[in-house]
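# Fold and geometry: a report
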Amino acid sequence: MKRIIASAFVLCGLYVAAAAQGTSALEQLCAKMADCSAVLNYSYTLTMAGVKTVGDGVLTVQDKSYLMNGNGVRIYCNGSVMWVVDEAGKEIMIDSVSQGADAYLSNPVLLFTNLEEIFNVGVPVANGASRTYKLTPKVSCGIASGEVTLNTSGVSPMFSSGTFDMSDGGKLDVKIKSMTFSAKKPLTFYTLDLSTFDSSWMITDLR
């Protein structure tokens, strides 16, 4: 489960680059994300401690909230509380969103809300319709380095891939199958309703 959770953390790093300033492609994507809920359908390869894990899923993110659904695990975060649901193990872990440097891993959406404090975003490298940006962290955030690629061939720029080297030695490669936008959702969409789970589930509340 830790590998899947880590993939969700770093996947939100894809959302980070959209808040960068100084390039029209990122500015367009930033403006779209500020007004909408973004849905990313993705596949990934995560390597940690020499073990490779592959998977896919859907990440929905807006403001400081997100919902990740993939490989039998769902992660809800409404900005203050996080719920991790392991479908196969019938386990639910609840925790408060951390503060300080640890907050970037418990609520990775903070990465893009504090972009100027966290990352240096490199000058884009163009290759046809693609634009690739290198990310270099200024502070400890769980990511040692990374880069994201946008596809600018459509009406508005979209993410197409990302590669991240994590501070613990892990590496995540992400391919974005599709990226769409919709109206912002109520906060209840990112909050787990525990009343829908029966007594067969093990619930651990770490708050």
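Let us look at the structure shown here. In this text the structure is predicted, and so the values were computed from the model without any measurement.

## Some details on the overall build of the protein chain
- Across its full length, the protein chain carries 5 helices and 13 strands.
- Out of the 207 residues belonging to the protein chain, those deemed buried represent 45%.
- Partitioning the intrachain contacts of the protein chain with sequence separation of at least 6 by distance along the chain shows that 52% fall at a separation of at least 24.
- Approximately 9,700 Å² of the protein chain is accessible, and the part contributed by carbon and sulfur atoms is 52%.

## Notes on the packing of aromatic side chains
- Throughout the structure, instances matching the rule amount to 3 aromatic pairs.
- Look at Tyr42 and Tyr44: their rings are 6.1 Å apart centre to centre, the planes differ by 40°, and that puts the pair in the tilted class. Tyr44 shares its class with Tyr42; the two are buried.
- Ring centres of Phe197 and Trp201 lie 4.8 Å apart, and the angle between their planes is 70°; this geometry places the pair in the edge-to-face category. With respect to burial, Phe197 and Trp201 carry one shared label: buried.
- The residue whose ring lies beneath Lys185 is Phe189, and the NZ or CZ to ring-centre distance is 5.0 Å.

## A short note on the side chain of Asn78
- Looking at where Asn78 falls in the secondary structure, it is placed in the loop between strand E4 (73–77) and strand E5 (81–86).
- For Asn78, the contacting residues outside a window of four places in its chain are Lys64, Ser65, Trp83, Leu187, Tyr190 and Thr191.

## Considerations on the environment of Ser37
- Along the chain, Ser37 falls in strand E1 (residues 37–48).
- In sequence terms Ser37 and Ser182 are 145 residues apart; their C-alpha atoms lie 5.3 Å from each other.
- Setting aside its immediate chain neighbours within four residues, Ser37 contacts Thr60, Val61, Gln62, Thr180, Phe181, Ser182, Ala183, Lys184, Lys185 and Tyr190.

## A look at unusual backbone geometry
- Here the phi dihedral of Ala49 falls at roughly 55°; this positive angle occurs in a residue that is not glycine.
- For Asp63, which is not a glycine, the phi torsion comes out positive at approximately 50°.
- Among the secondary structure elements, Asp63 is positioned in the loop between strand E2 (51–62) and strand E3 (65–70).
- For Asp63, a relative accessible area of 38% translates into the label partly exposed.

## Quick word on the nonpolar core
- Core analysis: the largest hydrophobic core is formed by 37 residues, its most contacted members being Leu150, Phe159 and Met179.
- With 6 residues, E1 is the single largest residue contributor to this core.
- In terms of nonpolar packing, the next biggest core, distinct from the first, is built from 11 residues, Leu67, Trp83, Val85 and Phe197 among them.

## Here's the deal with the pairing of strand E10 (residues 143–151)
- As paired elements, strand E9 (residues 130–137) and E10 share 6 bridges and run antiparallel to each other. Across the sheet, the residue bridging to Arg131 is Leu150, located in E10.
- Between the end of E9 and the start of E10, which pair antiparallel, lie 5 residues, with Gly142 showing a positive phi angle near 90°.
- In the sheet, E10 pairs with strand E11 (residues 158–166) via 8 bridges, with the strands oriented antiparallel. Note on E11: the bridge partner recorded for Glu147 is Thr163.

## Quick look at the pattern of salt bridges
- Counted according to the given criterion, the structure contains 5 salt bridges.
- The salt bridge partner of Lys184 is Asp63, with a shortest N-O separation of 2.8 Å. With a gap of 121 residues between them, Lys184 in the loop between strand E12 (171–182) and strand E13 (202–205) and Asp63 in the loop between E2 and E3 connect regions that are remote in the sequence.
- Between Arg207 and Asp205 there is a salt bridge; the shortest N-O distance is 2.7 Å.
- Take Asp205: its relative accessible area is 40%, and that puts it in the partly exposed class.

## Quick look at the pairing of E3
- In terms of residue burial, E3 counts as a mostly covered element, since 5 of its 6 residues are buried.
- Examined bridge by bridge, E2 and E3 share 5 bridges and lie antiparallel to one another. The residue of E3 that forms the bridge with Val61 is Tyr66.
- Alignment of E3 against E4, held across 5 bridges, turns out to be antiparallel. In the sheet register, Met68 faces E4, and the bridge partner there is Ile75.
- Remark: 2 residues form the turn of the hairpin made by E3 and E4, two consecutive strands paired antiparallel; Asn71 in that turn has positive phi of roughly 55°.

Rules used in this analysis
Residues numbered from 1 in each chain as written. Predicted model: local features only at pLDDT ≥ 70, side-chain atom pairs only at ≥ 80, totals over all residues. Heavy atoms only, no water. Helix = DSSP H or I, 4+ residues; strand = E, 2+ residues; numbered from the N terminus. Buried < 20%, exposed > 50% of the residue type's maximum accessible area, 1.4 Å probe, protein only. Contact = heavy atoms within 4.5 Å. Areas by Shrake-Rupley, 256 points an atom, 1.4 Å probe, with all protein chains shown as cover. Phe/Tyr/Trp six-rings, centres within 6.5 Å; stacked < 30°, edge-to-face > 60°. Lys NZ or Arg CZ within 6 Å of the ring centre and 35° of its normal. Core = buried A, V, L, I, M, F, W, Y, C linked by side-chain atoms within 4.5 Å. Pairing = 2+ DSSP bridges. Salt bridge = Lys/Arg side-chain N within 4 Å of Asp/Glu carboxyl O.

Function cannot be inferred from these measures alone, as they are strictly geometric.
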